[in-house]
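Okay, here's what each chain looks like letter by letter:
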Amino acid sequence: MTAQGKDINMKTLVAYFSAESGRTASLAEKMAAAIGADLFEIKPEKPYSAADLNYMNPVSRCNREFFAKKQVPVSGKIQNFEYYDLVLIGFPIWYGCAPLVVNTFCAGYDWTGKKVAAFATSGGSGIGKTSAKLAPYVKGADVLDARLLNGAGTDEIKAWVESL
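Rules of the game
Residues numbered from 1 in each chain as written. Predicted model: local features only at pLDDT ≥ 70, side-chain atom pairs only at ≥ 80, totals over all residues. Heavy atoms only, no water. Salt bridge = Lys/Arg side-chain N within 4 Å of Asp/Glu carboxyl O. Helix = DSSP H or I, 4+ residues; strand = E, 2+ residues; numbered from the N terminus. Buried < 20%, exposed > 50% of the residue type's maximum accessible area, 1.4 Å probe, protein only. Contact = heavy atoms within 4.5 Å. Axes fitted to C-alpha atoms, helices over the stretch in contact; angles between N-to-C directions. Parallel < 35°, antiparallel > 145°, perpendicular 65-115°, else oblique. Left-handed = near helix turned anticlockwise from the far one by under 90°. Nonpolar A, V, L, I, M, F, W, Y, C, P; charged D, E, K, R; others polar. Pairing = 2+ DSSP bridges. Right-handed = clockwise from strand over helix to strand, strands pointing away. Core = buried A, V, L, I, M, F, W, Y, C linked by side-chain atoms within 4.5 Å.

Draft legend 1. Here's a closer look at the pattern of salt bridges. As enumerated under the stated definition, the model contains two salt bridges in all. In this structure, Lys-11 and Asp-38 form a salt bridge, with 3.4 Å as the shortest nitrogen-oxygen distance. Of this pair, Lys-11 sits in the segment before strand 1 (12-16) while Asp-38 sits in strand 2 (residues 38-41), and the two are 27 residues apart along the sequence. Given a relative accessible area of 26%, Asp-38 falls into the partly exposed group. Measuring nitrogen to oxygen at the nearest pair gives 2.8 Å for the salt bridge that ties Arg-61 to Glu-65. Placement of the pair is Arg-61 and Glu-65 together in helix 2 (residues 61-68), with a separation of four residues, close to one helical turn. On the accessibility criterion, Arg-61 (7% relative accessible area) is buried. Judged by relative accessible area, Glu-65 falls into the buried class, the value being 10%.

In C-alpha cells:
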C-alpha cells in the first residue's frame with residue numbers, strides 16, 4: 001500500500017479519444033505522466049477530418065453518426081486489458097455525452113470488476129450525465145463520477161484520481 005492507502009499493484013490505464021484541437025490528448029498525456037498510468041489513444045478506423053467534425057453542418061459525419069446511433073469502428077486493441085483495475089476514459093463532450101467511437105471502444109472489452117471514471121474536455125458543455133450515459137457500455141464496472149477537467153493542472157489531476 002502507498003501512503004494514500006492505494007494498492008501499489010493496482011494498474012491504471014488512461015484511454016482517450018481526441019478530436020482536432022488536441023485538448024483531450026494533451027490532458028490524457030499529462031494525466032498518464034502524473035499518475036504513472038499506461039496510455040491508449042482511441043482512434044476511429046477512418047480518421048475524422050475537419051469537415052467531418054463540423055457539427056454546424058447537418059450532414060457532417062459526426063451528425064450523421066450521432067443521429068443514426070452508428071457504431072464507429074475503432075482502430076487498435078489494448079493488449080492484456082484484464083490487467084487494469086482502474087480505467088480513466090477521456091474525450092471531448094459531443095451532444096452531451098461521449099463520442100460514439102468511445103462507446104464502440106468500451107463495448108469491445110470485459111469491464112467486470114474494474115473501476116471506470118470518465119474525464120472530459122469541452123468548449124461549452126458541462127459534464128451532465130456522462131457517467132450514466134457511459135455505464136451501458138462498461139457493463140460489470142463500478143462507474144465513478146465523471147469530471148470536466150478543462151485546463152487542469154497536475155495537482156488537480158492527481159487529487160481527482162486519488163479521490164477515486
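Draft legend 2. Broad picture of the side chain of Ser-131. Within the secondary structure layout, Ser-131 lies in helix 4 (residues 130-134). Among the residues examined, Ser-131 registers a relative accessible area of 14% and is labelled buried. Those residues in contact with Ser-131 that sit more than four places away from it in its chain are Val-143, Leu-144, Asp-145 and Ala-146.

Draft legend 3. Local environment of the packing of helix 1 (residues 23-35) against helix 5 (residues 154-163). Where helix 1 contacts helix 5, the axes come no closer than 10 Å and their chain directions differ by 70 degrees. In terms of axis orientation, helix 1 runs roughly perpendicular to helix 5. In the crossing of helix 1 with helix 5, the sense of the turn from one axis to the other is right-handed. Where helix 1 abuts helix 5, its residues Leu-27, Lys-30, Met-31, Ala-34 and Ile-35 lie against Thr-154, Ile-157, Lys-158, Trp-160 and Val-161. In the contact of helix 1 with helix 5, the residues fall into seven nonpolar, one polar and two charged.

Draft legend 4. Examining unusual backbone geometry more closely. Here the phi dihedral of Asn-80 falls at roughly 55 degrees; this positive angle occurs in a residue that is not glycine. As for its position among the elements, Asn-80 is in the loop between strand 4 (74-75) and strand 5 (86-92).

Draft legend 5. Seen up close, the pairing of strand 6 (residues 115-121). Among the seven residues of strand 6, six are classified as buried, and the element is accordingly described as predominantly covered. In this sheet, strand 6 lies alongside strand 5 in parallel orientation, the contact comprising seven bridges. Bridge pairing in strand 6 places Val-87 opposite Val-116. Each parallel crossover has a hand, and the one from strand 5 via helix 3 (residues 100-107) to strand 6 is right-handed. As defined by bridge partners, strand 6 adjoins strand 7 (residues 142-143) across two bridges and the pair is classed as parallel. Counted as the bridge partner of Lys-115 is Asp-142 from strand 7. Pairing between strand 6 and strand 8 (residues 147-148): two bridges, direction parallel. Bridging across to strand 8, Ala-120 finds its partner in Leu-148.

Draft legend 6. The arrangement of the nonpolar core in detail. Judged by nonpolar contacts, the single largest core of 33 residues is most densely connected at Ile-42, Ile-89, Val-102, Phe-105 and Trp-111. Counting only elements with at least two residues in this core, the list comes to strand 1, strand 5, helix 3 and strand 6. The greatest single-element share of this core, amounting to five residues, is contributed by helix 3. Apart from residues lying up to four places away in sequence, Ile-89 is in contact with Ala-15, Ile-42, Val-102, Cys-106, Trp-111, Val-116, Ala-117, Ala-118, Phe-119 and Leu-134.

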